[in-house]
Amino acid sequence: MKNLKVIMSTLLFLVILTNGSVFAMYQAEVNPGEKSLCYSVQSLKGSIKSLTLESDFSLTDNLGLIGVYSFSDNYDFINLDLKLNMVDESDYNISFLGGYYFPLEDDQDSNAKLGILASTAVFKRLDLNGGLNVLLGKEEDYLGFEFGFDYRVTRHWYLEGGFRRFAGDKDNEGLSIGIRNYF
């Protein structure tokens, strides 16, 4: 497991170095040809709870693919999600998520996951985002949620912040901040 952490930390460093990308929240929008590699830091009560490496690729006008690798001192996991945009208005978007959750601990089970995301424009440069997801087949620790904002600084750079709880990891919730770059 330590080798995997070293490899993923190295990849994370390279992503930051080459792309300058940081991501705090899932987005409901799906824009054809849009893609991002992202990184976020999540903390609670002043200590870092997790580091997350994320990719978001829009495959068609209303279908996207999200991959998330999150690691912390206690827990590592991978989420793979398809994002289906159901409402695509200029100021409001709703997308459904369907995917799979893979904990990287030997004693944990993988689970299917369903969720919903919403984004709304407050004004030209500020969007509010929120989401809810559920791990199917789990009796406890099955609910994940997020809410926050993204503020467009330039055409490709965004400041983001929010609060996030990953489903399947009850100890991994807290404030998430960062900068994102679309390419």
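Scroll up a little and you will see the structure.
Cut-offs and rules
- Residues numbered from 1 in each chain as written.
- Predicted model: local features only at pLDDT ≥ 70, side-chain atom pairs only at ≥ 80, totals over all residues.
- Heavy atoms only, no water.
- Phe/Tyr/Trp six-rings, centres within 6.5 Å; stacked < 30°, edge-to-face > 60°.
- 1 Å grid on protein atoms, 1.4 Å probe; cavity = no way out; pocket = protein on both sides within 12 Å on 5 of 7 lines; lining within 4 Å.
- Points joined across faces, edges and corners; volume = space filled by probe spheres on them.
- Helix = DSSP H or I, 4+ residues; strand = E, 2+ residues; numbered from the N terminus.
- Nonpolar A, V, L, I, M, F, W, Y, C, P; charged D, E, K, R; others polar.
- Pairing = 2+ DSSP bridges.
- Axes fitted to C-alpha atoms, helices over the stretch in contact; angles between N-to-C directions.

Novice: What exactly am I supposed to notice about the packing of aromatic side chains here?
Specialist: How two aromatic rings sit relative to each other is set out by the distance from centre to centre and by the angle between their planes. Enumeration over the complete set of coordinates arrives at seven aromatic pairs. Joined through ring pairs, the aromatic side chains of F145, F147 and F163 make up one cluster.

Novice: Help me understand the layout of surface pockets in this model?
Specialist: Here the largest pocket defines a volume of roughly 500 Å³. Around the largest pocket sit 25 residues that line it, and E29, N31, E34, D127 and Y158 are the ones nearest its centre. Elements with a contribution of two residues or more to the lining of the largest pocket: β5 (92-103), β6 (111-123) and β8 (143-152). The biggest single contributor to the lining of the largest pocket is β6, with four residues. Across the lining of the largest pocket, the residue classes break down as six nonpolar, seven polar and 12 charged.

Novice: Could you clarify how one ought to interpret the sheet that holds strand β3 (residues 63-71) in this entry?
Specialist: In a beta sheet, neighbouring strands are held together by backbone hydrogen bonds and run either parallel or antiparallel to one another. Pairing is antiparallel around the closed barrel formed by 10 strands, whose spatial order is β1-β2-β3-β4-β5-β6-β7-β8-β9-β10. Sheet twist, expressed as the mean angle between neighbouring strand axes with direction ignored, is 20°. Across nine bridges, β3 lies against strand β4 (residues 76-88) in antiparallel orientation. When the bridges of β4 are listed, S70 appears paired with F77.

Novice: Got a minute to help me understand empty space enclosed by the protein in this structure?
Specialist: Empty space among the atoms becomes visible once a probe the size of a water molecule is rolled across them. Scanning the model with the defined rule gives two cavities of 30 Å³ or more in all. Around the largest cavity, the lining comprises 11 residues; the ones closest to its centre are N79, K113, N133, E146 and F166. When contributions to the lining of the largest cavity are tallied by element, the ones reaching two or more residues are β8 and β9 (157-165). If one sorts the elements of the lining of the largest cavity by residue count, β8 sits on top with three residues. Each residue belonging to the lining of the largest cavity can be placed in one class, and the counts come to four nonpolar, three polar and four charged. Approximately 70 Å³ is the volume attributed to the second largest cavity. Contributing to the lining of the second largest cavity are 11 residues, with E34, D56, S58, K83 and Y182 lying nearest its centre. With three residues, strand β2 (residues 47-58) is the single largest residue contributor to the lining of the second largest cavity.

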